[in-house]
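Working through the structure, step by step
Take a look at the letters that make up each chain.
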Amino acid sequence: MYVCVCLGVNDKAIKAAIEAGATTVDAVTQRTCAGSECGSCRPEIASMIEAELASGCSRRHLAVVDDDLRADEDQQSAA
Ligand code: FES
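Just so you know, these numbers come straight off a predicted model, no measurement behind them. (Residues numbered from 1 in each chain as written. Predicted model: local features only at pLDDT ≥ 70, side-chain atom pairs only at ≥ 80, totals over all residues.)

This brings us to the overall build of the protein chain. Helix and strand content of the protein chain: four helices and two strands. Helices and strands in the protein chain line up, N terminus first, as β-β-α-α-α-α. Taking all 79 residues of the protein chain together, 22% fall into the buried category. Taking as baseline every contact in the protein chain between residues at least 6 positions apart, the subset at least 24 positions apart corresponds to 45%. (Helix = DSSP H or I, 4+ residues; strand = E, 2+ residues; numbered from the N terminus. Buried ≥ 20, exposed ≤ 12 C-beta atoms within 10 Å, placed from the backbone. Contact = placed C-beta atoms within 7 Å.)

Here it is in structure tokens:
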């Protein structure tokens, strides 16, 4: 589904940008160009960011959790 019709950016590209760490509309725009023409898609991009962050299941979040688990395992094996 296209989110940004002006530039042909779909929801998968937007979600990928969010998962890669874009947590603001400007950051998503920087990575995908979505929202850089008429701007009418910017509220939808903001909603997608909010939903993605609220779900707590982005790859970035999972990577942080994975790093925390590895740090715990390292501490346990060192003790
Ligand atoms: S629809 Fe995204 S900039 Fe116009």
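Resuming the write-up.
Another point: the nonpolar core. Nonpolar side chains in soluble globular proteins tend to be buried together. Counting residues in hydrophobic clusters, the biggest one holds 13 residues, and the most contacted among them are Val3, Ile14, Ile18, Val28, Ala34 and Ile45. Elements represented by at least two residues in this core include exactly β1 (2-4), α1 (11-19) and α3 (42-55). (Core = buried A, V, L, I, M, F, W, Y, C linked by C-beta atoms within 7 Å.)

Its identity is not glycine, yet Cys33 carries a phi of approximately 75 degrees, on the positive side. Topologically, Cys33 is positioned in the loop between α2 (25-32) and α3.

Okay, the packing of α1 against α2 next. With their axes 9 Å apart at the nearest point, α1 and α2 run at an angle of 115 degrees to one another. By the angle class used here, α1 and α2 are roughly perpendicular. In the packing of α1 onto α2, the handedness of the crossing is right-handed. On α2, the residues touching Ala13, Ile14, Ala17 and Ile18 of α1 are Val28, Arg31 and Thr32. Grouping the amino acids of the contact of α1 with α2 by side-chain chemistry returns five nonpolar, one polar and one charged. (Axes fitted to C-alpha atoms, helices over the stretch in contact; angles between N-to-C directions. Parallel < 35°, antiparallel > 145°, perpendicular 65-115°, else oblique. Left-handed = near helix turned anticlockwise from the far one by under 90°. Nonpolar A, V, L, I, M, F, W, Y, C, P; charged D, E, K, R; others polar.)

Another aspect to go through is α3. Taking 1.5 Å of rise per residue, 14 residues should cover 20 Å, and α3 covers 20 Å from first to last C-alpha, within 8% of that figure. Along α3, the positions that sit buried rather than exposed are Ile45, Met48, Ile49 and Glu52. Buried residues of α3, viewed axially, fall in a sector of 100 degrees; they line one side. Residues of α3 that are exposed and angled more than 90 degrees away from the buried face: Pro43, Ser47, Glu50, Ala51 and Ala54. On the buried face of α3, the contacting elements are β1, α1 and α2. The positive-phi residue at the C-terminal boundary of α3 is Gly56, with phi of around 65 degrees. (Expected span 1.5 Å × (residues − 1). Arc of directions from axis to C-beta.)

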